[in-house]
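The chain contents come next:
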Amino acid sequence: MSEQIKETKTESATNGAQKPTSPNSDLKLDFASFWEYSTAPESGDFFDLKESYDHFIGGKFVKPVKGRYMKTINPSNEEVIAEFAEGTSEDVDSAVKAARKAYDKEWSKLSGKERGKYIYRLARMIQGRSRELAIVESMDGGKPIRESRDVDIPLAAAYFFYYAGWADKLDYAFPGREAKPLGVCGQIIPWNFPLLMLSWKIAPALAAGNTVVLKPAEATPLTALIFAEICQDAGLPDGVVNIVTGAGQTGAEIVNHPDVNKIAFTGSTKVGKIIQKSLAGTDKKFTLELGGKGANIVFEDAPIDQTVDGIINAIFFNQGHVCCAGSRLLVQEGIADRLIQKLKDRMETLIVGDPLDKNTDVGAINSKMQFDKINEYIEIGKNEGATIHQSSCNLPDSGFFCRPTLFMDVAQSNRIVQEEIFGPVLTIQTFRTPDEAVQKANNTQYGLSGGVWTDKGSKIFKIGSQIRSGVIWSNTFNKFDPTSPFGGYKESGVGREGGLHGLYPYVKLK
Ligand code: ADP
């Protein structure tokens, strides 16, 4: 805690008055000066990470053909955690061959019941190693341990459990039709929810009888490589799951490999467009889950304190590195001042810092590249004439950290309103009528998520049905469930993951 804040704490204690000490002079409450938490770091000393990781191909860890490695760093202290193999066309080719062999010889011939048993086992083993996985996810990606421990890892296990249940029930999933697997699936995932995105991809693919070659993001490869160890320990037949690590070029090798039958990609709209172009004219099936700029709409009759917490969760969960984040707040004019004041007060209570500290609410920005991008957008917002407000919390001296940020007085045409920032930055606009809210919400290239806050169920249905987004939350935000389909409209992508819908992209129906 800074000297200035310590001094004020003493002053407050002696005269009993609440003195504003924050650089934000418009704050009514000054939480930081009244209490300080002791650190509560999660300890990783019960497991060992390797210094170097190879590809996981055909059930074994194998060295990259060209012998090249990349490094993954901890974004909260910029220290190297481990090195991992950089995949080339040769590595991708041997992974696809291993996946094809496993598909032809074993996996496609197993009964659904037997496949289900393996997938249940993977789910249980994720649970068994959940503490280790949560710590590694937070070290590698910067997210608070509270989130990796309570959201990412339990949900990843839940997706495996859910799809394990479908493996022997495909006849019920597609009544009157025969569901056949596609073959080898190439899967490319991003760095914001590494193990969770792996589960969204691998669990339905295996349940439907496919084999996979998956590439984790170059910033966060570690939990996928621990998952590879889990596949070995589970006795999963060799080659059913193959993990090839590397950057964009490795991903492109998977997309363009002629013996891959389906591509599942989650990442930026820019790369999604490149992939869609590469796949045009081929018979590969694909699903793309891309960017977003979700509108979170608050009506005057919303429960205001609950809404404030929902807004915090919508934009500051996982540092805002969430494609379905509620990054545009639309507030009905009559409650705007009150709501914004409460939001600023609540932001002051957020603890930004060490991802492994159990008190931390907002962790580290995932990489230097993303950190620079967010700061560039903050400058763009200021230059566009918007009013900025940032929480006054202390930030650690090293690592990539960003204060929770609001932009007010923005226009619909501003770049910070239209473009995906992928950080803890919220723009706030007001509206008068429901039609205006819908019009503003839909005025974007994206269509992934949206939120509606109101006391009236009828309003939720009316507004919800008018917003062109794949997911609409009402009186909550950023809630995920394996039974629920997820995906986008417009430039947010094609296809659905999760639920019964998430099985469709992995089968051909006869
Ligand atoms: P972000 O911009 O958020 O890092 P990307 O879309 O660049 O997201 O990355 C998401 C995933 O896509 C990562 O695993 C990355 O390595 C991979 N990737 C990047 N470029 C390509 C490409 N041209 N083809 C296939 N995969 C790619």
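Just above, that's the structure.
In what follows, the accompanying structure is described.

Looking at the site of the ligand
Close contacts around the ligand come from 16 residues, with Gly248, Gly251, Gly267, Ser268 and Val271 the closest. Listing elements by their share of the shell around the ligand, those giving two or more residues are α9 (248-256) and α10 (269-279). Of the residues contributing to the shell around the ligand, the split by class is 10 nonpolar, 4 polar and 2 charged.

Digging into the packing of helix α7 (residues 194-207) against helix α8 (residues 222-233)
At a closest axis distance of 8 Å, the pairing of α7 and α8 adopts a crossing angle of 55 degrees. Regarding the angle of α7 to α8, the classification is oblique. Where α7 crosses over α8, the handedness of that crossing is right-handed. Residue-level inspection shows Pro194, Leu195 and Leu198 of α7 in contact with α8, the latter providing Thr223, Ala224 and Phe227.

Regarding the nonpolar core
Judged by nonpolar contacts, the single largest core of 88 residues is most densely connected at Ile119, Phe160 and Val213. No other element matches helix α5 (residues 145-166), which puts 11 residues into this core. Leave out the neighbours within four places in its chain, and Ile119 touches Phe160, Tyr163, Ala164, Ala167, Ala203, Leu206 and Ala207. In terms of nonpolar packing, the next biggest core, distinct from the first, is built from 61 residues, Phe371, Leu406, Ile428 and Ile472 among them.

Things to note about the sheet that holds strand β16 (residues 425-431)
Strand order in the open sheet formed by 7 strands is β14-β15-β16-β13-β12-β17-β18, and the pairing between neighbours is mixed. Each of the sheet's edge strands pairs with one partner strand only, and the pair in question is β14 (387-390) and β18 (471-474). Strand-to-strand twist of the sheet, defined as the mean angle between neighbouring strand axes without regard to direction, takes the value 20 degrees.

Quick look at the sheet that holds strand β5 (residues 79-85)
Read across the open sheet, the 3 strands follow the order β1-β5-β4; overall the sheet is mixed. Looking at strand neighbours, the two that pair on one side only are β1 (52-53) and β4 (69-74), the edges of this open sheet. Bridging between β1 and β5 involves 2 bridges; their strand directions are parallel. Bridge pairing in β5 places Ser52 opposite Glu83.

Some remarks on helix α11 (residues 304-316)
Because the α-helix completes a turn every 3.6 residues, residues three or four places apart line up on one side. Taking 1.5 Å per residue as the helical rise, α11 with its 13 residues ought to reach 18 Å, and the 18 Å between its terminal C-alpha atoms agrees with that figure. Listed in full, the buried residues belonging to α11 are Thr307, Val308, Gly310, Ile311, Ile312, Ala314, Ile315 and Phe316. Among the structural elements, β12 (295-298), β13 (328-332), α12 (333-348), β16 and β17 (449-453) are those in contact with the buried residues of α11. Asn318 sits one or two positions beyond α11 and adopts a positive phi of about 55 degrees.

Cut-off values and rules
Residues numbered from 1 in each chain as written. Predicted model: local features only at pLDDT ≥ 70, side-chain atom pairs only at ≥ 80, totals over all residues. Near = placed C-beta within 6 Å. Helix = DSSP H or I, 4+ residues; strand = E, 2+ residues; numbered from the N terminus. Nonpolar A, V, L, I, M, F, W, Y, C, P; charged D, E, K, R; others polar. Axes fitted to C-alpha atoms, helices over the stretch in contact; angles between N-to-C directions. Parallel < 35°, antiparallel > 145°, perpendicular 65-115°, else oblique. Left-handed = near helix turned anticlockwise from the far one by under 90°. Contact = placed C-beta atoms within 7 Å. Core = buried A, V, L, I, M, F, W, Y, C linked by C-beta atoms within 7 Å. Buried ≥ 20, exposed ≤ 12 C-beta atoms within 10 Å, placed from the backbone. Pairing = 2+ DSSP bridges. Expected span 1.5 Å × (residues − 1).

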